[in-house]
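Residues per chain, in single letters:
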Amino acid sequence: MSVHDEVPATLMGRPGGDGRFGEYGGRFVPESLVPACMELADAFESAWSDPAFRARLDGLLGSYAGRPTPVTECLRLSERLGVRVLLKREDLTHTGSHKINNVLGQALLAERMGKRRLVAETGAGQHGVASATAAALLGLECVVYMGAVDVERQSLNVFRMELLGAEVRTVLSGSRTLKDAVNEALRDWVASVETTHYCLGSVMGPHPYPYMVRQFQRVVGEEAREQCRVLLGGDDPDVVVACIGGGSNAAGTFAGFVDTRAELVGVEAAGGAALGNGLPGVVHGMRSQFLQDEAGQILEAHSISAGLDYPGIGPEHAHLAAIGRARYHAVGDAEVLDAFRLLAETEGIIPALEPAHAVAWLVRAAGSGELTPGTTVLLTMSGRGDKDVQQVKEMLG
Amino acid sequence: MSASATPPLDQPGRGHPEASGTVPGRLEAHLRSRRAAGRKLVVPYVTGGLGEDWLDVVRAVAAAGADAIEIGLPFSDPVMDGPTIQEASQRALEAGATPQGIVAALRSADVDVPIAVMTYYNIVARAGHRRMASELARCGVVAAILPDLPVDEAGPWAEAADEAGIETVMLAAPTTPDDRLEVICRRSRGFVYAVGMLGVTGERRELAASAVAIAARCKRATDLPVLVGVGVSNAEQAREICAVADGVVVGSALVRRLLEGAGPEGAGELVAALRAGVDEG
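J.: Just checking my understanding: could you explain the overall build of chain A for this structure?
T.: Each helix and strand counted, chain A has 15 helices and 14 strands in total. Taking 21 Å as the expected radius of gyration for a compact globule of 397 residues, we find that chain A reaches 19 Å, a close match to that expectation. Summarising its shape, the C-alpha atoms of chain A cover approximately 55 × 50 × 45 Å along the three principal directions. Put simply, chain A has 397 residues, and 64% of those count as buried. In chain A, the proportion of contacts linking residues at least 24 apart, taken out of those at least 6 apart, comes to 75%.

J.: What is the right way to read the sheet that holds strand S5 (residues 167-172) of chain B from this model?
T.: Strands pair in a sheet through their backbones, by hydrogen bonds, and they do so in one of two ways: parallel or antiparallel. Residues and elements named next belong to chain B. Within the closed barrel, the eight strands sit side by side as S1-S2-S3-S4-S5-S6-S7-S8. Their pairing is parallel. Ignoring strand direction, the axes of neighbouring strands in this sheet form an average angle of 25°. Here strand S2 (residues 69-72) runs beside strand S3 (residues 115-118); their pairing, made up of four bridges, is parallel. Across the sheet, Glu 70 pairs through a bridge with Ala 116, a residue of S3. Packing against the sheet, helix H3 (residues 54-63) makes contact with strand S1 (41-47) and S2, and its axis sits at approximately 175° to S1. The strands that helix H12 (residues 252-259) touches are S1 and strand S8 (247-250); relative to S1, the one it contacts most, it runs at about 40°.

J.: Please explain the pairing of strand S5 (residues 117-122) of chain A as it appears in this structure.
T.: The side chains of a regular strand alternate between both faces of the sheet. Residue and element names in this part refer to chain A. With five of its six residues buried, S5 lies for the most part within the structure. Strand direction decides the pairing type here: S5 and strand S6 (residues 141-147), joined by six bridges, are parallel. Across the sheet, the residue bridging to Leu 118 is Cys 142, located in S6. Viewed along the sheet, the connection from S5 through helix H5 (residues 126-138) into S6 turns out right-handed.

J.: Can you walk me through helix H13 (residues 263-280) of chain B in this structure?
T.: Within an α-helix, residues lying three or four positions from one another point in the same direction, as the helix has 3.6 residues per turn. Residues and elements named next belong to chain B. The end-to-end C-alpha separation of H13 is 26 Å, in line with the 26 Å expected for 18 residues at 1.5 Å each. Within H13 the residues assigned to the buried category are Pro 264, Ala 267, Gly 268, Leu 270, Val 271, Leu 274, Arg 275, Gly 277 and Val 278. Of the surrounding secondary structure, the elements contacted by the buried residues of H13 are S1, H3, helix H11 (235-241), S8 and H12.

J.: What am I meant to see in the sheet that holds strand S14 (residues 376-381) of chain A here?
T.: All names here are of chain A. Strand order in the open sheet formed by six strands is S3-S4-S14-S9-S10-S13, and the pairing between neighbours is mixed. The open sheet has two free edges, formed respectively by strand S3 (71-73) and strand S13 (326-331), since each of these has just one partner strand. Strand-to-strand twist across the sheet, computed as the mean angle between neighbouring axes with direction ignored, equals 25°. Bridging between S3 and strand S4 (residues 84-89) involves three bridges; their strand directions are antiparallel. Of the residues in S4, the one forming a bridge with Glu 73 is Leu 86. Here helix H9 (residues 209-231) sits on the sheet and contacts S3, S4 and S14; the angle it forms with S3, its principal contact strand, is near 40°. Strand contacts of helix H12 (residues 315-322): strand S10 (263-269) and S13, with the helix running at about 110° to S13, the strand carrying the most contacts.

J.: Looking at this model, I keep getting lost on the interface of chain A and chain B. Mind explaining?
T.: Think of interface size as the accessible area that goes away when the parts come together; that is how it is often given. With 31 residues of chain A at the interface, the matching set in chain B holds 35 residues. Residue composition of the side of chain A that touches chain B, by class: 15 nonpolar, ten polar and six charged.

J.: Would you take a moment to explain the nonpolar core for this structure?
T.: One recurring pattern in soluble globular proteins: nonpolar side chains tend to sit buried together. In this structure, A:Leu362, B:Ala116, B:Ala194 and B:Val248 are the most contacted members of the largest nonpolar core, which totals 242 residues. For this core, the leading source of residues is helix H14 (residues 353-368) of chain A, giving ten residues. Per-domain counts for this core show at least three residues from each of domain 1 (19-62 + 98-209) and domain 2 (67-97 + 219-396) of chain A. Once residues lying within four places of it in the same chain are set aside, the contact partners of A:Leu362 are A:Leu81, A:Val85, A:Val241, A:Val377 and A:Leu379.

J.: Is there a simple way to explain unusual backbone geometry in this structure?
T.: It is generally the case that most residues other than glycine have a negative phi and that most peptide bonds are trans. Residue and element names in this part refer to chain A. The residue after Arg 67, namely Pro 68, is reached through a cis peptide bond having omega -5°. A cis geometry characterises the amide bond from His 207 onward to Pro 208, with omega recorded as 15°. Of note, the phi angle at Thr 95 is positive, near 80°, even though the residue is not glycine. Considering the arrangement of structural elements, one finds Thr 95 in the loop between S4 and helix H4 (99-112). Exposure remark for Thr 95: the 22 C-beta atoms within 10 Å place this residue in the buried category. Of note in the backbone geometry, Arg 176 takes a positive phi value of approximately 60° without being a glycine.

So, how was this worked out
- Residues numbered from 1 in each chain as written.
- Chains lettered and ligands numbered in written order.
- Predicted model: local features only at pLDDT ≥ 70, side-chain atom pairs only at ≥ 80, totals over all residues.
- Helix = DSSP H or I, 4+ residues; strand = E, 2+ residues; numbered from the N terminus.
- Rg over C-alpha atoms; globule rule 2.2 N^0.38 Å.
- Buried ≥ 20, exposed ≤ 12 C-beta atoms within 10 Å, placed from the backbone.
- Contact = placed C-beta atoms within 7 Å.
- Pairing = 2+ DSSP bridges.
- Axes fitted to C-alpha atoms, helices over the stretch in contact; angles between N-to-C directions.
- Right-handed = clockwise from strand over helix to strand, strands pointing away.
- Expected span 1.5 Å × (residues − 1).
- Nonpolar A, V, L, I, M, F, W, Y, C, P; charged D, E, K, R; others polar.
- Core = buried A, V, L, I, M, F, W, Y, C linked by C-beta atoms within 7 Å.
- Domains from an automatic or database assignment.

Structure (structure tokens):
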């Protein structure tokens, strides 16, 4: 426990009993799933306040996942951009992204609830790989739903999941991407709820998922804040930035800084900008902002990044945007590819395409003068780019 | 915890007309009177906008002995639906169907049994509760079924629907505990939709044991008509469950035939067979 836990946090604390963040959130699921969501909410609260559970989770995060991850000061990139850039290195965790933080928590929770089967959705494959990993570690069965489009562009991750003993089911319905993988995982769970835990990968879905996943990810922000204070002589960064699909790495990062003076910035893919172009709606168990037409049909997101190819956003982000505590921007595919290269060339770090969105915004904001010279920026490098190298090679031709 | 979101009504779980202080809605009155006449209830589901002749399908199933008809307003992400209704929804949307267009078309359905719509909550939320409820009423629809709107979250819609005279049918699932079942039955209008099994809509080889169990539990909890849907696939299963339930909702078995091109005639034949099945029992 750090002294900062004493600060009363009205923001990013426990949501209302009905899982509301302001007007967003809630629990909009078929009746068959409501009792399971209630059981999960109770089990999470009980586990989260149980020192033995927390010790076991912290133990795995340390000895298995490789926490704490470092914060790296980017000297050459900083010189290039004129702002001081610090990266929170979630790319250095086991399985290569922040997703492992959440799945270790949920897998332990599933075990605690006596559920021996996990289902998960995945877009880029990072959450699928992480889920398969945690399942292997704890000896649980694991089924991962993945859209056919994503199976195609992330075939190595499919093979990784299979190596880890998971079954990958290709989803052929709808847009065949992340949104449809979530639909299919929910359909599985409706039928299997008595024996299965839905290991949801982001801060979305019905209560308690947005809250629970943020709590499992807040280790990112809490570590980063302490590390920044060491690097910045006790100060906090001016700006904290993270990419957003559903928004879990951003939520975990923001949770560590929401009660500091840092400005919080979330970066969406231009083709999946639920906050930039969305409207309030209720899908996948939550009231949030979604890309949709005037009748309420959900639109397909389009992004080079499978992990950001989602037409919605976690409800707490919708709330943080509504009250002005965080702001959200969108960047296009071309800027992202430039940023991908820039980080590789200046820092020797090949980012996943998802956090390359955050880098792209940083490049733009530094270039436009939106960030004044000397601004300190903490950027969450949520995953490594190994999975994307083949795709980027094809795109750069 | 769950119940706190729903204001307690002053009458315990049965006979909600008194509890809500209103007369039974048209769907409830219609189903009650048919039940009182000793009839088991058959409610077919038709995806709105599926094929140019979908209104003829509605008329055909009415003529074949349906006691009420559910019209699906297709949604892009139907999480409670299996492959058959997913495909039907997608086909209808690709053909340009919209919820508004389907509801408007129902004005000319010209059938003598009540029509309910079944859709997902985002369609209603996007339109706006009051606007959607009044539009449904204006077009002759009497009830709405929203499978992703559980009783804890139903308040704002259900109140707008009550005001407009639209009956909100609530769903009860095999996993629903008894105290929650009471709340659901109390808030339900028209009938109680007992979900026959854990799973999405679709045909099943056999009737699940859970169908009988949830139907019996609902019957104990309410005097409203109790209809079982999800996994009721043919006349034999319909007859079997009607030993306990007041009736059945049949969707995928009918929609599959429509996807295969059976048309209004084939749809009518299936409903006639279901009718005969439950009448025999």
